[in-house]
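# Residue-level structure breakdown
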Amino acid sequence: AQTVTQSQPEMSVQEAETVTLSCTYDTSESNYYLFWYKQPPSRQMILVIRQEAYKQQNATENRFSVNFQKAAKSFSLKISDSQLGDTAMYFCASIYNQGGKLIFGQGTELSVKP
Amino acid sequence: DTGVSQNPRHKITKRGQNVTFRCDPISEHNRLYWYRQTLGQGPEFLTYFQNEAQLEKSRLLSDRFSAERPKGSFSTLEIQRTEQGDSAMYLCASSSSIGEGRGNEQFFGPGTRLTVL
């Protein structure tokens, strides 16, 4: 079975500090996509960052970057200079098949404290 | 607003009743997905369409669930004879198959929160 696992149900970080959210996945596919989505309280899910498995370079989007370890099947998200607006549920997700359905992890609830 | 829209935003119904939800995707997107999210969990895939064709259905989608996407535009998700276990947030997302294809970003709607009493 193709799975995504997030082992940190909750995390907190002080404003302006750095935090890393963990994600592991399992697949026998050679080509796939990995994503981090953010779901703020009572708001829509939005894409934070995307990584193609065939690319060795880690993706970066402003304060957000990933550490993609393909052999270890690990895909962590680092948030630098955390802001109060980063408070949200963060979901790691993957796409393995041609249809493009997302398989989500259980989520990590991040609280940024002033 | 050119994002994904869903209606209604909230639905309260009694067990045994039928409910229907609507999703309007981003106009140029040919793929449309339905997911279900229960409290404190990640969304789970239900079904997806490419244009008007329903190409995949999850085993989660029992016989009481049906989805349509006539003319490849908006989509409806109907639940017949609702049960308390159907209470969840139902999310719709859309994407384009052009370019990166399955790797393209899925844009999510605000969801429809269903409560079955």
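Structure's up top.
Cut-offs used in this document
- Residues numbered from 1 in each chain as written.
- Chains lettered and ligands numbered in written order.
- Predicted model: local features only at pLDDT ≥ 70, side-chain atom pairs only at ≥ 80, totals over all residues.
- Heavy atoms only, no water.
- Core = buried A, V, L, I, M, F, W, Y, C linked by side-chain atoms within 4.5 Å.
- Buried < 20%, exposed > 50% of the residue type's maximum accessible area, 1.4 Å probe, protein only.
- Helix = DSSP H or I, 4+ residues; strand = E, 2+ residues; numbered from the N terminus.
- Contact = heavy atoms within 4.5 Å.
- Salt bridge = Lys/Arg side-chain N within 4 Å of Asp/Glu carboxyl O.
- Buried area = accessible area lost by both parts, 1.4 Å probe.
- Polar contact = N/O pair within 3.5 Å; in protein donor to acceptor, adjacent residues only side chain to side chain.
- Nonpolar A, V, L, I, M, F, W, Y, C, P; charged D, E, K, R; others polar.

Let's shift gears to the nonpolar core. Counting residues in each nonpolar core, the largest one holds 26 residues, and the members touching the most others are Tyr25(A), Trp36(A), Phe75(A), Leu77(A) and Tyr90(A). Going through the elements one at a time, strand E3 (19-21), strand E5 (33-39), strand E6 (46-52), strand E8 (64-69), strand E9 (74-79), strand E10 (88-95) and strand E12 (108-113) of chain A are the ones with two or more residues in this core. Among residues more than four places away in sequence, those in contact with Leu77(A) are Val19(A), Thr20(A), Leu21(A), Trp36(A), Val48(A), Ile49(A), Phe64(A), Ser65(A), Val66(A) and Tyr90(A). Counting 19 residues, the second-largest nonpolar core is a separate cluster that includes Val4(B), Phe21(B), Ile26(B) and Ile79(B).

Right, let's get into the pattern of salt bridges. For the structure shown, the criterion picks out 8 salt bridges over all chains. The salt bridge partner of Lys55(A) is Glu52(A), with a shortest N-O separation of 3.7 Å. Overall, Lys55(A) belongs to the partly exposed group, its relative accessible area being 39%. Notably, a salt bridge pairs Glu83(B) with Arg64(B), separated by 3.4 Å at the nearest N-O pair. Separated by 19 residues along the polypeptide, Glu83(B) in the loop between strand E8 (75-79) and strand E9 (88-95) and Arg64(B) in the loop between strand E6 (53-57) and strand E7 (65-68) bring together distant segments of the chain. For Glu83(B), a relative accessible area of 41% translates into the label partly exposed. The class of Arg64(B) is buried, set by a relative accessible area of 12%. Through salt bridges with shared partners, a single network forms among Arg50(A), Glu52(A) and Lys55(A).

Taken together, the contact between chain B and chain A spans 22 residues of the former and 25 residues of the latter. In total, about 1,900 Å² of surface goes out of reach between chain B and chain A, with carbon and sulfur atoms giving 46% of it. Summed over the shared surface of chain B and chain A, the number is 1 salt bridge. Among the ionic pairs, Lys101(A) bridges to Glu56(B), the shortest N-O distance being 2.8 Å. Connecting chain B to chain A are 6 residue pairs in polar contact (both at pLDDT 80 or more). Mapped onto the side of chain B that touches chain A, the elements with two or more residues apiece are strand E4 (31-37) and strand E5 (44-50) of chain B. It is E4(B) that provides the largest number of residues to the side of chain B that touches chain A, a total of 4 residues. For the side of chain B that touches chain A, the residue count by class is 9 nonpolar, 8 polar and 5 charged.

Here the focus is unusual backbone geometry. Cis geometry marks the peptide bond from Asn7(B) to Pro8(B); its omega dihedral reads -10°. Mapped onto the elements, Pro8(B) comes out in the loop between strand E1 (5-7) and strand E2 (10-13). Although it is not a glycine, Ala16(A) adopts a positive phi angle of roughly 80°. Tracing the backbone shows Ala16(A) in the loop between strand E2 (10-14) and E3. Despite not being glycine, Asp81(A) has its phi angle at roughly 50°, a positive value. Here Asp81(A) shows up in the loop between E9 and E10.

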